[in-house]
Each structure stands twice: as C-alpha cells, then as structure tokens.
Amino acid sequence: MPFMSPLPSQPPLPHAARHLLCLGNALHGDDGLGPALAQALLAAPQLLPADVRVFELGTRGLDGLALFEGCRQVLLIDACEPRGQPGRIWQGSAADLLSQWQVLFGSAPTEHGGGLGFLLRAAASLEAGPEVEVILLEAQQLRAFSPGLSAAVRAALPALIARIQAALEPAHVL
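Note that the structure is a prediction, hence the values are computed from the model and not measured. (Residues numbered from 1 in each chain as written. Predicted model: local features only at pLDDT ≥ 70, side-chain atom pairs only at ≥ 80, totals over all residues. Heavy atoms only, no water.)

1. Here we look at the nonpolar core
Alright, step 1. Ranked by size, the top nonpolar core spans 24 residues in total, and within it Leu20, Leu160 and Ile164 carry the most contacts.
Alright, step 2. Listing elements by their share of this core, those giving two or more residues are strand 1 (18–23), helix 1 (33–43), strand 2 (52–58), strand 3 (73–80), strand 5 (131–138) and helix 4 (151–167).
Alright, step 3. At 7 residues, helix 4 tops the list of elements feeding residues into this core.
Alright, step 4. In this structure, Leu67, Val74, Trp90 and Leu120 belong to the second largest nonpolar core, which totals 23 residues. (Core = buried A, V, L, I, M, F, W, Y, C linked by side-chain atoms within 4.5 Å. Buried < 20%, exposed > 50% of the residue type's maximum accessible area, 1.4 Å probe, protein only. Helix = DSSP H or I, 4+ residues; strand = E, 2+ residues; numbered from the N terminus.)

2. What to know about the packing of helix 1 against helix 4
Alright, step 1. Closest axis-to-axis distance for the helix 1/helix 4 pair is 11 Å, and the angle between their directions is 65°. In terms of crossing hand, the pair formed by helix 1 and helix 4 is right-handed. On helix 4, the residues that touch Leu33, Leu37 and Leu41 of helix 1 are Val153, Leu157, Leu160, Ile161 and Ile164.
Alright, step 2. When grouped by side-chain class, the residues that make up the contact of helix 1 with helix 4 number 8 nonpolar, no polar and no charged. (Axes fitted to C-alpha atoms, helices over the stretch in contact; angles between N-to-C directions. Left-handed = near helix turned anticlockwise from the far one by under 90°. Contact = heavy atoms within 4.5 Å. Nonpolar A, V, L, I, M, F, W, Y, C, P; charged D, E, K, R; others polar.)

3. Quick word on the environment of Leu136
Alright, step 1. In this fold, Leu136 is placed in strand 5.
Alright, step 2. Judged by its relative accessible area of 0%, Leu136 falls in the buried class.
Alright, step 3. Each C-alpha atom, one on Leu136 and one on Leu160, is 8.7 Å from the other, the two residues being 24 residues apart in sequence.
Alright, step 4. With residues up to four places along the chain from it excluded, the contact list for Leu136 reads Asp78, Cys80, Arg88, Ile89, Trp90, Leu97, Leu104, Phe105 and Leu116.

4. Quick look at the side chain of Arg18
Alright, step 1. Mapped onto the secondary structure, Arg18 falls in strand 1.
Alright, step 2. Relative accessible area serves as the criterion here: at 4%, Arg18 is assigned to the buried category.
Alright, step 3. Within the structure, the side chain of Arg18 is placed 2.8 Å from the side chain of Asp51, a separation counted as a polar contact.
Alright, step 4. One polar contact links the side chain of Arg18 to the main-chain carbonyl oxygen of Leu168, over a distance of 2.5 Å. (Polar contact = N/O pair within 3.5 Å; in protein donor to acceptor, adjacent residues only side chain to side chain.)

5. A closer look at the sheet that holds strand 1
Alright, step 1. Taken together, the 5 strands give an open sheet; going across it, the order is 2-1-3-5-4, and neighbouring strands pair in mixed fashion. The open sheet has two edge strands, strand 2 and strand 4 (89–93), and neither has a second partner. Here the strands of the sheet are splayed against their neighbours by 20° on average, with no regard to which way each runs.
Alright, step 2. By the bridge criterion, 6 bridges tie strand 1 to strand 2 in an arrangement that is parallel. Along strand 2, the bridge assignment pairs His19 with Arg53.
Alright, step 3. This element, helix 1, spans strand 1, strand 2, strand 3 and strand 5 of the sheet and lies at about 135° to strand 1.
Alright, step 4. In the packing of helix 4 onto the sheet, the strands contacted are strand 1, strand 3, strand 4 and strand 5, and the crossing angle to strand 5 comes to about 165°. (Pairing = 2+ DSSP bridges.)

Shown next, in the form of structure tokens:
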C-alpha cells in the first residue's frame, strides 16, 4: 500500500478534509508513538470526525508535504525527547515548535530523523496552505531497535487522543 493513501478502511474525501499526520519509528521505543497512534485511531474510527484522514508517515517527514495540499487543517503528531516528564503533551503552531525546537528535541530542526523538522521547514515555504498545528508527547525512552511504547507513553495515549479531538473541534478550526 502506498504511504500517501489513507490507512485502509478510510474512503476518499473531498478537498475540505483534515489530515492527521503521525510520525515516528516503531522500532525505536517511544519514537513509535505516531505509528501506534495511527493504528489505534484506525481501530476506533468513531474517535475522530468523519472528515479527518489519518496518515502514518513513519520517518519520511518530507513525504508528507504533499498531504498539505487540498485540506483545510493538518495536525502533526510526534514524540519528543525525554525531559523527565514522560507523557507530557506539548501543543502549538509550527512556528511555536520551530522556536522551541532545541528545548523539545535537544537538536537542530533538521536532526530529528529528518522527519518533522524538515517537514515544518518545507511547509513554512508554502505560499498558501492549511492551518498547521503540532502535538508532541514526551517520550520516556528513545532506543534504537527496541520496539514498543513505554508504560508511561501508553498510559498517556487517552490524553493525547483527547487533545487531538479538541484540536479538531469545529470552533478550533480556522
């Protein structure tokens, strides 16, 4: 299945759709947040409004730029570096995230696996596009070749889903 397609069982929508882009590497501990969230939302489609399409980008952030076209809102979901409060949720605009990147990721925006940082920088160059919001969940551990989410991140998934639902409220959308 090509990654640019909605996850299975999601019918195509008109251009007014909203896109939820989930990033992360399922083989690197809590960095697998995005793929785990995408699968959880696919298993329970009633959790999201009918016009929302979920995309699992993995670590291919720049590939998600095409998904900014033809929609009115994009929510980007990713894990951020452990800072002592696993499961803590950060939410803000793309500009807010880029200005706080060093604190949240401990690296330059182009170093977080080439995913979210590159995507945000590329999206900033678009002349017109959808409203973009970023929601991050603080990881407990990011360890290569250690599949599975930590207990703290798994326990935070309901709060993360609630935050996503709130971000998708009609009054919240521009």
